[in-house]
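Coordinates in review
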Amino acid sequence: MSDIIRRDPRAEWIARNRLHPLHAAMQPAQHSWMGPNGVIRKNLHGVGFIGPNGIKRIDRSGAQQGGATKRTAAVEVQLPLHQVPAPAFYICVVPDMVGGRLGSHDRDLLGLAHQLAGSDGAVLAVVFGEHKESAFATAGVDRLLVLDGEEFSGYAPEQRVQGLRAVDNQFNPRHWLLPDSRSGGGELGRRFAAALGERPATRVWQVKDQECIGRAGAGLQDLARPVARLILAAVECAEPVSETRHEALPVELSTTVARSLSRIEDLGAVAVDPAAIPMAEAEFIFSGGNGVKDWALFHQTAVALGATEGASRVAVDDGYMARDRQVGASGTWVTARVYVAVGISGAIQHLQGIGACDKVVAINLDPGCDMIKRADLSVIGESAEILQALIAAVEAYRNDAKRDAA
Ligand SMILES: Cc1cc2nc3c(=O)[nH]c(=O)nc-3n(C[C@H](O)[C@H](O)[C@H](O)COP(=O)(O)OP(=O)(O)OC[C@H]3O[C@@H](n4cnc5c(N)ncnc54)[C@H](O)[C@@H]3O)c2cc1C
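Remember, it's a predicted structure, so these values are computed and weren't measured experimentally. (Residues numbered from 1 in each chain as written. Predicted model: local features only at pLDDT ≥ 70, side-chain atom pairs only at ≥ 80, totals over all residues. Heavy atoms only, no water.)

**What to know about the overall build of the protein chain**
- A tally of regular secondary structure across the protein chain gives 10 helices and 20 strands.
- In the protein chain, the proportion of contacts linking residues at least 24 apart, taken out of those at least 6 apart, comes to 60%. (Helix = DSSP H or I, 4+ residues; strand = E, 2+ residues; numbered from the N terminus. Contact = heavy atoms within 4.5 Å.)

Okay, here's the thing in structure tokens:
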């Protein structure tokens, strides 16, 4: 093992960020010290670290012993590899892949799939079109089937059902799991169920004791039924995979998928006004707080970025933003892929509302505030100056792109 000390910026960031779930594991612990009478004392309970699932782990290699203050590459938490060389059966998951990446709903579904697969089954993810995801292995995918023909791209539910039927014929999965979402899974799952002649279990939020429980009666009642072959699951139907790494071995269809005579013509995506997107569904939110001094500039930047506007409660109470734009515990809980917080301190009520956001960017004067600790990327400085620089950068980027296209 090399003695070269390697910096791990992510581990350093987690160590600084006391709101991160792995923060405690990154703190150097003192395991032995000199007592008042000169005798060395050892804290045997202090050996080890808390793993990502909250279970205590002890590294017997010795790299952790003695309160290592240096975080070297050897100390990195390597999740155990879960392998299924000869799967007894498959559990098929069709993630929505909004923006080409696994979303939190997709990850919940993969967690549910592993619950159903146990140790003998393998989780097969079926992905349509090109994707940008690089974390299939840690999300719990044992086998990966990518159907990336142009016939599957865009809005092509009929063709996708044909693809899923081909997967069904080849792999004969024990269960099919799709997200019961508006982004695709809800419709595709119902179409696929009709094609298979299966009665799907819809809006399922729990699978337990051979039963699946779904919401019914306008969301006011629970409906329990034996575990269906085709499950359309709700958000938070299971804990996402966090304790294991998986192989994500690529597999292919042995037959070609017949082209369906489509009765639907896809006219392409329609540009929508970001301001009209409900906060809970917005993918890119540009949020302002008490640190925004120039609100006209703030709105101008949101338009330049094409982002949906959000706000802290102070900005709303002060009348700068509408009440339906408030993010947080007493506002909207958002699930954006990118959340930019301008002049927001990161009070716990606000942080609760952005807990499910993928990437947080903070613009703030105070490098020690909680929003900076939560953020994946921080810009320290006067908000007005940074927003002006941001508009200039976006305009320069767009002009370059136009020049290249011409
Ligand atoms: C029951 C309850 C429910 C609540 N629910 C919510 C909720 O849903 N959502 C919510 O947001 N809050 C909620 N709050 C309020 C919350 O506690 C905070 O008061 C609020 O979030 C603070 O808003 P802020 O970060 O915009 O303002 P501040 O806390 O005043 O922070 C302003 C930030 O801007 C920075 N700043 C100042 N000037 C500049 C500048 N020129 N350039 C860059 N940065 C600058 C400062 O460093 C600071 O970090 C709730 C409170 C209670 C008691």
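Here the narrative resumes.
**Overview of the packing of aromatic side chains**
- Considering all chains together, one arrives at 6 aromatic pairs under this definition.
- An angle of 65 degrees between the planes, with centres 5.0 Å apart, marks the rings of Trp295 and Phe298 as edge-to-face. Of the two residues, Trp295 and Phe298 both sit in helix H6 (residues 295-305), 3 residues apart, roughly one turn of that helix.
- Residue Phe298 is classed as buried on the basis of its relative accessible area, which comes to 0%. (Phe/Tyr/Trp six-rings, centres within 6.5 Å; stacked < 30°, edge-to-face > 60°. Buried < 20%, exposed > 50% of the residue type's maximum accessible area, 1.4 Å probe, protein only.)

**Focus: the site of the ligand**
- Taken together, 25 residues are adjacent to the ligand, and Ser312, Ser330, Ser345, His350 and Asn364 come closest.
- In this structure, Asn290 approaches the ligand through a main-chain N or O atom, which is 2.8 Å from an oxygen atom.
- The backbone of Val327 places a nitrogen or oxygen atom 2.8 Å from a nitrogen atom of the ligand.
- Elements represented by at least two residues in the shell around the ligand include exactly helix H7 (313-317) and helix H8 (348-353).
- Residues of the shell around the ligand, tallied by class, amount to 6 nonpolar, 15 polar and 4 charged. (Near = heavy atom within 4 Å. Polar contact = N/O pair within 3.5 Å; in protein donor to acceptor, adjacent residues only side chain to side chain. Nonpolar A, V, L, I, M, F, W, Y, C, P; charged D, E, K, R; others polar.)

**Some remarks on the pairing of strand E10 (residues 201-208)**
- Where E10 meets strand E13 (residues 230-233), 2 bridges bridge the pair, whose relative direction is parallel. When the sheet's bridge partners are listed, Val204 is paired in E13 with Ala233.
- In the sheet, E10 pairs with strand E11 (residues 211-216) via 4 bridges, with the strands oriented antiparallel. In the sheet register, Val204 faces E11, and the bridge partner there is Gly214.
- Between E10 and E11, which pair antiparallel one after the other, the connecting turn spans 2 residues, and Asp209 there sits at a positive phi close to 50 degrees. (Pairing = 2+ DSSP bridges.)

**Quick notes on the side chain of Arg143**
- Position of Arg143 relative to the elements: it lies in strand E8 (residues 143-147).
- Arg143 gets classed as buried once you look at its relative accessible area, which sits at 5%.
- There is a polar contact of 2.6 Å between the side chain of Arg143 and the backbone oxygen of Val84.
- Not counting the four nearest positions on each side in its chain, Arg143 is found in contact with Val84, Pro85, Pro87, Tyr90, Val123, Leu124, Ala125, Glu247, Ala248, Leu249 and Val251.

**Focus: unusual backbone geometry**
- A positive phi angle, close to 60 degrees, is found at Glu236, a residue other than glycine.
- With respect to the secondary-structure elements, Glu236 resides in the loop between E13 and strand E14 (245-246).
- With relative accessibility at 65%, the residue Glu236 sits in the exposed group.
- Of note, Ala248 is a non-glycine position whose phi angle comes to about 50 degrees, a positive value.
- Among the structural elements, Ala248 can be located in the loop between E14 and strand E15 (249-250).

**What about the sheet that holds strand E12 (residues 221-226)?**
- Read from one edge of the open sheet, 9 strands run E12-E11-E10-E13-E9-E6-E7-E8-E15, paired in mixed fashion. Because the sheet does not close on itself, it has two edges, and the strands there are E12 and E15.
- Both strand E7 (residues 122-128) and E8 contribute to a ladder of 5 bridges, which runs parallel. Within E8, the residue paired with Phe128 across the bridge is Leu147.
- Contacting strand E6 (90-93), E7, strand E9 (175-179), E10 and E13, helix H2 (residues 104-117) crosses the sheet at an angle of about 165 degrees to E9. (Axes fitted to C-alpha atoms, helices over the stretch in contact; angles between N-to-C directions.)

**A closer look at the nonpolar core**
- Among the nonpolar cores identified, the biggest contains 29 residues, and Leu112, Phe136 and Leu177 are the most heavily contacted of them.
- Listed by contribution, the elements that provide at least two residues to this core are E6, H2, E7, helix H3 (136-139), E10 and E13.
- No other element matches the 6 residues that H2 contributes to this core.
- Apart from residues lying up to four places away in sequence, Leu177 is in contact with Ile91, Cys92, Val93, Val94, Leu109, Leu112, Ala113, Leu116 and Ile231.
- Val94, Phe152, Trp176 and Leu232 belong to the second-largest nonpolar core, a separate cluster that totals 26 residues. (Core = buried A, V, L, I, M, F, W, Y, C linked by side-chain atoms within 4.5 Å.)

**Section: the environment of His105**
- Along the chain, the position of His105 falls in helix H2.
- Considered as a pair, His105 and Glu236 are 131 residues apart in the sequence and their alpha carbons are 6.9 Å apart.
- Other than its neighbours up to four places away in sequence, His105 contacts Pro179, Asp180, Ser181, Ala233, Ala234 and Val235.

**Side note on helix H4 (residues 157-171)**
- Counted at 1.5 Å a residue, the expected span for H4 with its 15 residues is 21 Å, and the 21 Å between its end C-alpha atoms agrees.
- Tucked inside the fold, the buried residues of H4 contact E6, E7, E8, E9 and helix H5 (185-196).
- Asn172 lies just past H4 and shows a positive phi near 40 degrees. (Expected span 1.5 Å × (residues − 1).)

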